[in-house]
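Summary of structural features
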Amino acid sequence: MSLVTLLPFIVLIGAMFLMTRSAKKKQQAAAQMRNEMQPGSGVRTIGGMYATVKEVNEDTVLVDAGPGVDLLFAKNAIGAVLSDDEYNRIVHGIEHDLKTDEAVVPDDASSLTETDEPAESSDDQPIDLGKKEAADETADEEPKKADDAELKKSDGESDAK
């Protein structure tokens, strides 16, 4: 057999070796992460539940999912061990990233228009929105349209006779 016929098999075996090697590295990193879990650290399970570690055993982890809710999981069911800042941001909504002195932009525009002075009530005076002139013009046009319709009727009647 020549080297040319063996080359596709060699490439295939090499690709399989590289794929299994990267998968093993990922498995080892996940196992190391699970072994480094400490009580008090925040975790995310593979099902997407966030909890705090209470106790770590050889194959199991006891987590606190809420007040009075303790759950026992297999170590393999822990998807990620989170840092304290990330866990608090996700679970409690606490942001620790606001360490800059920059101005904070409000979520809504109402705080941008507020003033310290009380607003004067103008309930006594009507507000002119300019709609009165437009209403007068349309009122004048309606009789003209009615007159035009009568003329057309009379013209149509004379044509029919």
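Numbers given to residues run from 1 along each chain, matching the order in which its sequence is written. This being a predicted model, a pLDDT of at least 70 is required before a residue's local features are given, and a value of 80 or more before pairs of side-chain atoms are given or counted; all residues contribute to the totals for chains, interfaces and linings. Side-chain calculation: all heavy atoms of the structure are included, whereas hydrogens and water are not.

Segments assigned H or I by DSSP are reported as helices when at least four residues long, segments assigned E as strands when at least two residues long, and all are numbered from the N terminus. A count of helical and extended segments in the chain gives 4 helices and 5 strands. In the chain, the succession of helices and strands from N to C terminus is α-β-β-β-β-β-α-α-α. Relative accessibility thresholds used throughout: buried, under 20% of the residue-type maximum; exposed, over 50%; partly exposed, between the two (1.4 Å probe, protein chains only). Residues counted as buried form 11% of the 161 residues belonging to the chain. Summed over its atoms, the accessible surface of the chain is roughly 13,900 Å², and 55% of this surface lies on carbon and sulfur atoms. All accessible-area figures derive from a Shrake-Rupley calculation using a 1.4 Å probe, and residue coverage is judged against the displayed protein chains alone.

Our next topic: the pairing of strand β3 (residues 60-66). Paired strands are those between which DSSP finds at least two bridges. Note: strand β2 (residues 50-56) against β3, 4 bridges, orientation antiparallel. Each residue of the ladder has a partner; that of Val-56, found in β3, is Val-61. Counting the residues between successive antiparallel strands, the hairpin from β2 to β3 contains 3 residues. Where β3 meets strand β4 (residues 69-74), 6 bridges bridge the pair, whose relative direction is antiparallel. For Val-63, the partnering residue across the bridge sits in β4 and is Leu-71. With antiparallel pairing between neighbouring strands as the criterion, β3 and β4 make up a hairpin whose turn holds 2 residues, including Gly-68 at a positive phi of roughly 80°.

Before going further, it helps to spend a moment on the pattern of salt bridges. Should their charged atoms come close, side chains of opposite charge can pair. Here a salt bridge means any side-chain nitrogen of Lys or Arg lying within 4 Å of a carboxyl oxygen belonging to Asp or Glu. For the coordinates displayed, the defined rule picks out 1 salt bridge. Measuring nitrogen to oxygen at the nearest pair gives 3.1 Å for the salt bridge that ties Lys-54 to Asp-70. In this pair, Lys-54 sits in strand β2 while Asp-70 sits in strand β4, placing the two residues 16 residues apart along the sequence. For Asp-70, a relative accessible area of 40% gives the class partly exposed.

Assignment of secondary structure puts Lys-75 in the loop between β4 and β5 (78-82). The sign given to each residue is positive for Lys and Arg and negative for Asp and Glu; His and the chain ends receive no count. Although buried, Lys-75 forms no salt bridge, and the nearest oppositely charged side chain, Asp-59, lies 6.6 Å from it. At a separation of 3.4 Å, a polar atom in the side chain of Lys-75 contacts the side chain of Asn-35. Only heavy atoms enter the contact rule, under which two residues are in contact if any of them lie within 4.5 Å. Once residues lying within four places of it in the same chain are set aside, the contact partners of Lys-75 are Arg-34, Asn-35, Met-37, Val-56, Asn-57, Glu-58, Asp-59, Thr-60 and Val-61. Polar contact is the term for a pair of N or O atoms within 3.5 Å; when the atoms are in protein, one must be able to donate a hydrogen and the other to accept it, and sequence-neighboring residues count only if both atoms are side-chain atoms.

Attention now moves to the nonpolar core. The term nonpolar core refers to a set of buried residues drawn from Ala, Val, Leu, Ile, Met, Phe, Trp, Tyr and Cys, joined through side-chain atoms within 4.5 Å. Met-37, Val-43, Ala-51, Val-53, Val-61, Val-63 and Ile-78 form the largest nonpolar core, which has 7 residues in total. Mapped by element, the contributors of at least two residues to this core are β2 and β3. Not counting residues up to four positions away in its chain, the partners in contact with Val-63 are Val-43, Ala-51, Thr-52, Val-53, Lys-54, Val-69, Asp-70, Leu-71 and Phe-73.

Such coordinate-based values are descriptive only and should not be taken to indicate function.
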